[in-house]
Amino acid sequence: MESQYLRRCLGSCLKKGLAEVVEHRPADPIEYLAHWIYNYKRTLDGEQKRMLERIEREKEQQAALEELEMLRKMKEEELMIQQRLEEQRQEQEREKLKLQNEEEKMQLQQKDPEREVHLLYLERNYHLELGCLLIL
């Protein structure tokens, strides 16, 4: 039971550490192994810390990309809404101009008969005055 625990928790570390002891053959192998295990743990902790930081950066980058995509979609939607509003404004302007043109036509039609009557009246008066002058 203890051997499984030791193998699972210390197997790789002890194998590498003992291989270093055999390779270097220090005067105090226990102290050497202790320092080696301490450095191994510090290195391992540093690697884990860097991996966690990298994972955190990747998450932040992904969140930033998602936010950029959302902003792009919102901008696209805003542009579409502005286009629709501009089209509606232009349509209203066209309708307004159309109504103004129709009103002007109606006014001209109403004025034209009056104008014709007025011109006829002036023409008649002119002829009458001309006739009066001829009689005198």
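For clarity, every value in this text was computed on a predicted model and none was experimentally measured.

*Asks:* Give a detailed account of the overall build of the chain, specifying residues and quantitative values.
*Replies:* Each helix and strand in the chain was counted, giving 2 helices and 0 strands. By the burial criterion, 5% of the 136 residues in the chain qualify as buried. Just so you have it, the chain exposes about 13,100 Å², and 58% of that area is on carbon and sulfur atoms.

*Asks:* Explain the environment of Leu-33 to me, using residue names and the numbers behind them.
*Replies:* Within the secondary structure, Leu-33 is located in helix 2 (residues 29–135). Classification of Leu-33 by relative accessible area gives buried; the value is 16%.

*Asks:* Please provide a residue-by-residue account of unusual backbone geometry, values included.
*Replies:* Here the phi dihedral of Arg-25 falls at roughly 45°; this positive angle occurs in a residue that is not glycine. Inspection of the secondary structure assignment puts Arg-25 in the loop between helix 1 (2–24) and helix 2.

*Asks:* Could you give an account of a nonpolar patch on the surface, naming the residues involved and the relevant values?
*Replies:* Where nonpolar side chains cluster on the molecular surface, the patch consists of Tyr-5, Leu-6, Leu-10, Leu-14 and Leu-18 and spans about 430 Å² of accessible area. By the element assignment, Leu-14 lies in helix 1.

*Asks:* Outline the environment of Ala-19, listing residues and values.
*Replies:* In this structure, Ala-19 sits in helix 1. Residue classification places Ala-19 among the partly exposed positions, given a relative accessible area of 42%. Residues Ala-19 and Leu-33, 14 residues apart in the sequence, show an inter-C-alpha distance of 9.9 Å.

*Asks:* Tell me what's going on with helix 1, and back it up with residues and numbers.
*Replies:* Its 23 residues place the ends of helix 1 only 29 Å apart at the C-alpha level, less than the 33 Å of an ideal helix rising 1.5 Å per residue. Along helix 1, the largest kink reaches about 70° and is centred on Leu-10. Listing the buried residues of helix 1 in full gives Gly-11, Cys-13, Gly-17 and Val-21. Trailing helix 1 by a residue or two, Arg-25 shows a phi angle of about 45°, which is positive.

*Asks:* Please set out a negative patch on the surface residue by residue, giving values where relevant.
*Replies:* Taken together, the side chains of Glu-95, Glu-102, Glu-103 and Glu-104 define an acidic patch exposed on the protein surface. Mapped onto the secondary structure, Glu-103 falls in helix 2.

*Asks:* Give a description of the packing of aromatic side chains that names residues and reports values.
*Replies:* Taken as a whole and judged by the stated rule, the model has 1 aromatic pair. Ring geometry for Trp-36 versus Tyr-40: centroids 5.2 Å apart, planes at 20°, classification stacked. Of this pair, Trp-36 and Tyr-40 both sit in helix 2, 4 residues apart, which is roughly one turn of the helix.

*Asks:* Just give me the short version of the pattern of salt bridges, but keep the residues and values in it.
*Replies:* Between side chains of opposite charge, a pair can form when the charged atoms approach closely. Inspection of the entire model under this criterion finds 6 salt bridges. A salt bridge links Arg-54 to Glu-58; the shortest N-O distance between them is 3.2 Å. Of this pair, Arg-54 and Glu-58 both sit in helix 2, 4 residues apart, which is roughly one turn of that helix. Salt bridges here are not isolated pairs; linked through shared partners, they connect Glu-69, Arg-72 and Glu-76.

What counts and what doesn't
- Residues numbered from 1 in each chain as written.
- Predicted model: local features only at pLDDT ≥ 70, side-chain atom pairs only at ≥ 80, totals over all residues.
- Heavy atoms only, no water.
- Helix = DSSP H or I, 4+ residues; strand = E, 2+ residues; numbered from the N terminus.
- Buried < 20%, exposed > 50% of the residue type's maximum accessible area, 1.4 Å probe, protein only.
- Areas by Shrake-Rupley, 256 points an atom, 1.4 Å probe, with all protein chains shown as cover.
- Patch = residues over 30% accessible without salt bridge, like charges linked within 9 Å, V, L, I, M, F, W, Y side chains within 5 Å.
- Salt bridge = Lys/Arg side-chain N within 4 Å of Asp/Glu carboxyl O.
- Expected span 1.5 Å × (residues − 1).
- Bend = angle between axes of the 7 residues up to and from the residue.
- Lys, Arg positive; Asp, Glu negative; His and termini not counted.
- Charge placed at Lys NZ, Arg CZ, Asp CG, Glu CD.
- Phe/Tyr/Trp six-rings, centres within 6.5 Å; stacked < 30°, edge-to-face > 60°.

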